[in-house]
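Structure assessment
Residue-level listing of the chains:
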Amino acid sequence: MDAMTSAVQDEVVGSFVGFSQALRRAGVTSARTEDFVAALGALDPVRRADVYWAGRATLCSSPDDLEIYERLFADWFSGAEVGRIPATDLVTAQAGAAGAGDEAAGTDDIGEVAMLASATEVLRHRDVANLSPREARMVAMMFARLRVRLPRRPSRRREEHHRGVLDVAATVREQLLHAGEPGVLRFRRRRLKPRPVVVMVDVSRSMTPYADHMLRLAHRFSLDPTHRVEVFTMGTRLTRVTRALRLRDPEAALARASEMIPDWSGGTRLGDVFEAFINRWGRRGMARGAVAVIMSDGWERGDPTLLAQQAELLQRLCHVLIWVNPHRGKAGFEPIQSGMAAVLPHVDHVVAGHTFATFEELMEVISHV
């Protein structure tokens with residue numbers, strides 16, 4: 001039994017060479033494959049935690065490498081949320097360790113490409129409307145590793161900083177501590193604080209294939225500890241689901257939210273919904289200076305003129321208005337729907353929202369506005 005275990009471990013360690021080479025191509029030029037393999041030899045190469053820390057300690061040499069490493073590690077070793085990684089999941093294209101020269105290098109390249117094209121990487125670019133139930137569950141698990149970074153804005157309060165505006169009072173106090181001798185200059189800058197984010201998800205019938213995944217994305221925002229995120233659903237009426245989505249467990253959060261939504265898979269009256277939000281919450285401060293994220297395909301059964309008026313008013317209230325359309329990233333897309341055409345002049349950004357990869361891009365857009 002010990003010989004079999006050793007053989008499996010050797011086979012798994014061999015598969016990590018391709019991971020190190022992929023890091024190099026991604027920009028981590030300091031990746032040390034020999035040290036990585038040696039570290040795995042002293043640990044357990046079929047334990048996810050051991051593999052992660054061995055790679056992070058030996059393959060990364062600067063803070064810039066860490067972000068690349070985190071992303072590639074999650075994609076390369078996908079589907080392992082618990083303690084151990086099955087060797088059969090990792091060893092996909094390295095049946096033999098024998099061989100040398102160009103033939104061995106060619107075999108390694110084939111195995112590396114096959115492993116890199118993992119199920120997770122493929123799913124990242126699949127339209128979520130066309131996923132099977134099993135694939136939908138896998139994508140739902142992928143939301144757990146999305147990095148949430150809310151946009152920030154300067155506040156009125158100031159804090160000590162290594163550069164900025166000269167802090168005269170602090171500089172004088174510093175000199176008094178040294179008996180009037182010239183000392184270090186002290187500076188300060190405006191303190192940064194999270195900018196409010198308002199997410200409104202269309203749950204009408206035309207959005208049924210996408211609404212669940214968009215609510216999962218809104219759930220990731222709602223878990224931000226600053227509680228600066230508000231979430232609403234839109235259909236024939238407006239429903240506030242912020243409190244439900246603050247439950248940490250995503251399935252429990254979505255189940256609680258669905259109980260609160262009376263118009264799931266119903267009609268769409270975006271103009272009336274926008275007007276209700278602005279009159280009840282927006283003018284009172286929720287939308288002021290916020291990043292408003294509207295997730296909708298733009299189908300409107302009501303009056304497009306009313307929708308255009310309310311979209312213009314919402315844009316004036318908020319800091320940035322972002323419209324996420326699941327059809328935006330598809331070939332031949334044109335904003336010809338009555339609702340989309342009405343709001344287009346008043347929207348700051350129109351982004352796609354039909355794949356997990358586009359959700360990641362949306363997170364980047366929001367964090368940098």
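The structure contained in this document is the topic of the report that follows. (Residues numbered from 1 in each chain as written. Predicted model: local features only at pLDDT ≥ 70, side-chain atom pairs only at ≥ 80, totals over all residues. Heavy atoms only, no water.)

**Regarding the sheet that holds strand E4 (residues 197–202)**
What the six strands build is an open sheet, ordered E6-E5-E4-E7-E8-E9; its pairing is mixed. At either margin of the open sheet sits one strand with a lone partner, and together these are strand E6 (238–240) and strand E9 (349–352). Within the sheet, the average angular offset between the axes of one strand and its neighbour, ignoring direction, is 20°. Taken together, the five bridges between E4 and strand E7 (residues 291–295) define a ladder with parallel strand orientation. Considered in E7, the bridge of Val199 is made with Val293. Of the strands in this sheet, E4, strand E5 (229–234), E6, E7 and strand E8 (320–325) touch helix H13 (residues 270–286), which is tilted by about 160° from E5. (Pairing = 2+ DSSP bridges. Helix = DSSP H or I, 4+ residues; strand = E, 2+ residues; numbered from the N terminus. Axes fitted to C-alpha atoms, helices over the stretch in contact; angles between N-to-C directions. Contact = heavy atoms within 4.5 Å.)

**Thoughts on a nonpolar patch on the surface**
A contiguous nonpolar patch, built from Leu166, Val168, Val172, Leu176 and Leu185 and spanning about 470 Å² of accessible area, is present on the exposed surface. Per element, the largest residue contribution to the nonpolar patch is three residues, and it comes from helix H9 (residues 168–177). Positionally, Leu176 belongs in helix H9. For Leu176, a relative accessible area of 64% translates into the label exposed. (Patch = residues over 30% accessible without salt bridge, like charges linked within 9 Å, V, L, I, M, F, W, Y side chains within 5 Å. Areas by Shrake-Rupley, 256 points an atom, 1.4 Å probe, with all protein chains shown as cover. Salt bridge = Lys/Arg side-chain N within 4 Å of Asp/Glu carboxyl O. Buried < 20%, exposed > 50% of the residue type's maximum accessible area, 1.4 Å probe, protein only.)

**Here's the deal with the pairing of E4**
Both faces of the sheet carry side chains from a regular strand, because those side chains alternate between them. Taken across its six residues, E4 has six buried, putting it largely inside the fold. Alternating residues of E4 divide into Val197, Val199 and Val201 and Val198, Met200 and Asp202, and every residue in both groups is buried. With helix H10 (residues 208–222) bridging E4 and its parallel neighbour E5, the resulting β-α-β unit is right-handed. (Right-handed = clockwise from strand over helix to strand, strands pointing away.)

**Section: the packing of aromatic side chains**
Per the counting criterion, the structure on display carries nine aromatic pairs. Seen in terms of ring centroids, Tyr52 and Trp53 are 4.8 Å apart; in terms of plane orientation they differ by 85°. Their pairing is edge-to-face. Accessibility expressed as a relative area gives 14% for Tyr52, which makes it buried. Judged by its relative accessible area of 52%, Trp53 is exposed. Members of the aromatic cluster, each reached through a chain of ring pairs, are Tyr52, Trp53, Tyr69 and Phe73. (Phe/Tyr/Trp six-rings, centres within 6.5 Å; stacked < 30°, edge-to-face > 60°.)

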